[in-house]
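Given next are the chains, with one letter for each unit.
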Amino acid sequence: MKFSIVLPTYNRAHMIHLAIESVLNQTYKDWELIIINDGSTDKTKDIIDKFIEKDNRVKYLYQKNKERSAARNYGVKEAKGNWICFLDSDDIYYS
């Protein structure tokens, strides 16, 4: 696998679908998306689960709230790609 995309999130149920869809819509397909839920108390996991069901490149990790840096580090530790990319849950990748 070429790229691991690390996406930390916290209480972004209302917008995380935009970040995930922006990765799914990339023309380059050799990637994994690692989403780290940093202790969300909203329906963030429910939204993520819908994407996991459709695409096995989308991975889900959970941790108690430790802030973004700890979530990113956890994602990097679990990454399998040759290259690491970061995406925040309120951002999108352009195709």
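Below is a short write-up of the structure. (Residues numbered from 1 in each chain as written. Predicted model: local features only at pLDDT ≥ 70, side-chain atom pairs only at ≥ 80, totals over all residues. Heavy atoms only, no water.)

## Quick notes on the pattern of salt bridges
Argument step 1. Counted according to the given criterion, the structure contains four salt bridges.
Argument step 2. Two residues, K45 and D49, come together in a salt bridge whose shortest N-O distance is 2.9 Å. Residue K45 and its partner D49 are located together in helix α2 (residues 44-54), separated by four residues, close to a single helical turn.
Argument step 3. In this structure K45 comes out as partly exposed when scored by relative accessible area, which is 36%.
Argument step 4. Of the charged contacts, one joins R57 and D55 as a salt bridge, the two residues approaching to 2.7 Å between their closest N and O atoms. The two residues R57 and D55 agree in class, both being buried. (Salt bridge = Lys/Arg side-chain N within 4 Å of Asp/Glu carboxyl O. Helix = DSSP H or I, 4+ residues; strand = E, 2+ residues; numbered from the N terminus. Buried < 20%, exposed > 50% of the residue type's maximum accessible area, 1.4 Å probe, protein only.)

## Examining the sheet that holds strand β4 (residues 83-86)
Argument step 1. With parallel pairing, the four strands of this open sheet are ordered in space as β3-β2-β1-β4. Two strands close off the open sheet at either side, each with one partner strand: β3 (58-62) and β4. Here the strands of the sheet are splayed against their neighbours by 25° on average, with no regard to which way each runs.
Argument step 2. The pairing of strand β2 (residues 31-37) with β3 spans five bridges and is classified as parallel. Across the sheet, residue L33 finds its bridge partner in β3, namely V58.
Argument step 3. Relative to the sheet, helix α1 (residues 16-24) contacts β1 (3-9), β2 and β3, its axis offset from that of β2 by approximately 165°. (Pairing = 2+ DSSP bridges. Axes fitted to C-alpha atoms, helices over the stretch in contact; angles between N-to-C directions. Contact = heavy atoms within 4.5 Å.)

## Some thoughts on the environment of A71
Argument step 1. Looking at the element boundaries, A71 is found in helix α3 (residues 68-78).
Argument step 2. Taking the relative accessible area as the measure of exposure, A71 reaches 0% and is therefore buried.
Argument step 3. Distance in space between the C-alpha atoms of A71 and H17 is 18 Å, their sequence separation being 54 residues.
Argument step 4. Those residues in contact with A71, other than ones at most four positions away along the chain, are P8, I36, D38 and Q63.

Taken by themselves, the reported measurements are silent on function.
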